[in-house]
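One-letter residues, chain by chain:
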Amino acid sequence: MYDSIIIGCGFAGAVAARELAEKKGQHVLVIDAREHVGGNCYDRLDENGILIHQYGPHIFHTNIKRVYDYLSRFTEWYEYRHEVVGKIQEKEIPIPFNLNSLEMVYGERAAHLEKILIDNFGEGARVPILELMNHENEELQEIAHYVYENVFLKYTMKQWGKTPKEIDPSVSGRVPVLLSRDNRYFQDTYQGLPLHGFTPIFEKMLDYEKIEVRLGCEAKTVLAIHPDAKEPVLFEGKPFHGNIIYTGALDELFDCCFGRLPYRSLRFDFRHYDKEFYQSHGVVNYTVSEDFTRITEFKYLSGQLAAKDTTIVKEYPMPYSGKEGEIPYYAINNKENDALFNQYRALVEKIPNFYLLGRLAEYKYYNIDAIVDRALAMAEQM
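So, a few notes on the structure that sits alongside this text. (Residues numbered from 1 in each chain as written. Predicted model: local features only at pLDDT ≥ 70, side-chain atom pairs only at ≥ 80, totals over all residues. Heavy atoms only, no water.)

All right, on to the overall build of the protein then. When you go through the protein residue by residue, the secondary structure sums to 13 helices and 22 strands. For 382 residues, the compact-globule estimate of 2.2 N^0.38 gives 21 Å, and the protein sits close to it at 23 Å. Along the first, second and third principal axes, the C-alpha set of the protein runs to 75 × 50 × 35 Å. Among the 382 residues that make up the protein, the fraction classed as buried is 53%. Sequence separation of at least 24 residues holds for 71% of the intrachain contacts in the protein that already meet a minimum separation of 6. Within the structure as shown, the protein displays about 17,900 Å² of accessible surface, and the carbon and sulfur contribution to it stands at 49%. Taken as two groups, the 43 positive and 57 negative side-chain charges of the protein have centres that lie 2 Å from each other. (Helix = DSSP H or I, 4+ residues; strand = E, 2+ residues; numbered from the N terminus. Rg over C-alpha atoms; globule rule 2.2 N^0.38 Å. Buried < 20%, exposed > 50% of the residue type's maximum accessible area, 1.4 Å probe, protein only. Contact = heavy atoms within 4.5 Å. Areas by Shrake-Rupley, 256 points an atom, 1.4 Å probe, with all protein chains shown as cover. Lys, Arg positive; Asp, Glu negative; His and termini not counted. Charge placed at Lys NZ, Arg CZ, Asp CG, Glu CD.)

As structure tokens, then:
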């Protein structure tokens, strides 16, 4: 009945489904446990008519033309240029730290420091703070330590639940200082938000005669996976020999038999205000104070700037425990966790035509453009 079964209809599953159906003529079943399409990119109008991102803000940006062209089949774009500021004491400074940030922090000294930076690295450079920390010039070291302490360290401690000693120096060392006055968070060629939201992209992408979508359907209620069995995949109790693309948490597919893979989760606190704006930018990072990491004000992202009221969300990182209602968002990659993941991956490698695709299934971080590109490539090769 089906040539391919795809578990999950975020960007990974939806793109793969459309490509296999449209380009390969396959009959595809897409299954998702949630009652909506779009995975974590799902957005909707709240009760006040503000378009919110249910699972935190998602901004599209890419330098991959084929990804931009592909998604443009299913949406027009709102030309949003994402700017982020960090709330440091009473100041809001551009992030990543750039020459405008330098001026706001150092005042009259900024012109002098800017000249040293540009003389050493050139205008427009992205200089890792580790390189500044190790520079012989003490003033450059001073800038690096300011960025580390006020922009990176405490934010990272909150995001990942780590102490300063547990934070890998190589990670913090990659945090850049931008030698430009471009306040955009991303410098990619193509960037913006879908004009009518992310959800309509998925609805259009999955609206194809050879694609069937089952929402509110737990994969385990229709699929049984037993890697060492004579028939390793059963669909609705019968052997299935087609393709399986799995985009969910791999450990949970096997009931965490080797132990649970560690992830970071998020708790979202949505608030609505009868005021035109709550903050100065779409996203304000709280890099030093507060228990939350950032506040997103959605009307900046959607372009609903004429609205007289506004909706925000605060993000509180927390460990993922697998409890009902919790969602795994970020893999915690280190040698131990990656080794555990490889134990689970070895199980699916025994199963013919079983593919892992996406953040959870591959236990790695992907931006939207990267996972769309990967899904396109996987469908081409299948």
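An order of β5-β11-β6 is seen for the three strands of this open sheet, with the pairing classed as antiparallel. Two strands lie at the open edges of the sheet, namely β5 (60-62) and β6 (77-78), each paired on one side alone. Pairing geometry for β5 and strand β11 (residues 190-194), over three bridges, is antiparallel. Looking at β11, one finds that Thr 62 is bridged to Tyr 190. (Pairing = 2+ DSSP bridges.)

Here we come to the packing of aromatic side chains. Between two aromatic rings, the relevant description is the distance of the centres plus the angle of the planes. With the rule as written, the count across this model stands at 29 aromatic pairs. Here the aromatic rings of Phe 268 and Phe 270 are separated by 6.4 Å at their centres, their planes lie at 45°, and the arrangement is tilted. Through a chain of ring-to-ring contacts, three or more aromatic side chains come together here, namely Trp 160, Phe 268, Phe 270, Phe 298, Tyr 329, Tyr 330 and Tyr 365. For Arg 267, the ring lying beneath its charged end belongs to Tyr 316, and the centroid distance is 4.2 Å. Note that Lys 299 overlies the ring of Phe 277, its terminal NZ or CZ placed 4.5 Å from the centroid. (Phe/Tyr/Trp six-rings, centres within 6.5 Å; stacked < 30°, edge-to-face > 60°. Lys NZ or Arg CZ within 6 Å of the ring centre and 35° of its normal.)

So, on to the pattern of salt bridges. Inspection of the entire model under this criterion finds 22 salt bridges. Arg 73 is paired through a salt bridge with Glu 22; the nearest N and O atoms lie 3.0 Å apart. A residue pair is termed long-range when its members are at least 10 positions apart, and Arg 73 in the loop between α2 (65-71) and β6 and Glu 22 in helix α1 (residues 11-24) qualify at 51 residues. Among the ionic contacts, a cluster of salt bridges with common partners joins Arg 18, Glu 22 and Arg 73. (Salt bridge = Lys/Arg side-chain N within 4 Å of Asp/Glu carboxyl O.)

The next thing to look at is the pairing of strand β2 (residues 28-32). Burial of β2 is extensive: five of the five residues sit out of reach of the surface. With burial as the criterion, each face of β2 is covered, one bearing Val 28, Val 30 and Asp 32 and the other bearing Leu 29 and Ile 31. Two elements, strand β1 (residues 4-7) and β2, share four bridges in a ladder whose sense is parallel. Pairing of Ser 4 across the sheet is with Val 28, part of β2.

For the pair helix α4 (residues 110-121) and helix α6 (residues 138-160), the least separation of the axes is 10 Å and the interaxial angle reads 100°. Comparing their axes, α6 and α4 come out roughly perpendicular. Listed contacts from α6 to His 112, Leu 113, Ile 116, Leu 117, Asn 120 and Phe 121 of α4 are Glu 139, Leu 140 and Ile 143. Broken down by class, the residue content of the contact of α4 with α6 amounts to six nonpolar, two polar and one charged. (Axes fitted to C-alpha atoms, helices over the stretch in contact; angles between N-to-C directions. Parallel < 35°, antiparallel > 145°, perpendicular 65-115°, else oblique. Nonpolar A, V, L, I, M, F, W, Y, C, P; charged D, E, K, R; others polar.)

A separate point is helix α8 (residues 199-206). The α-helix winds at 3.6 residues per turn, so residues separated by three or four positions along the chain end up facing the same way. Considered for burial, the residues of α8 that qualify are Thr 199, Ile 201, Phe 202, Met 205 and Leu 206. Taken around the axis of α8, the buried residues stretch over an arc of 160°, which confines them to a single face. Close packing links the buried residues of α8 with α1, β2, β3 (43-45), α2, β11 and β12 (211-215). (Arc of directions from axis to C-beta.)

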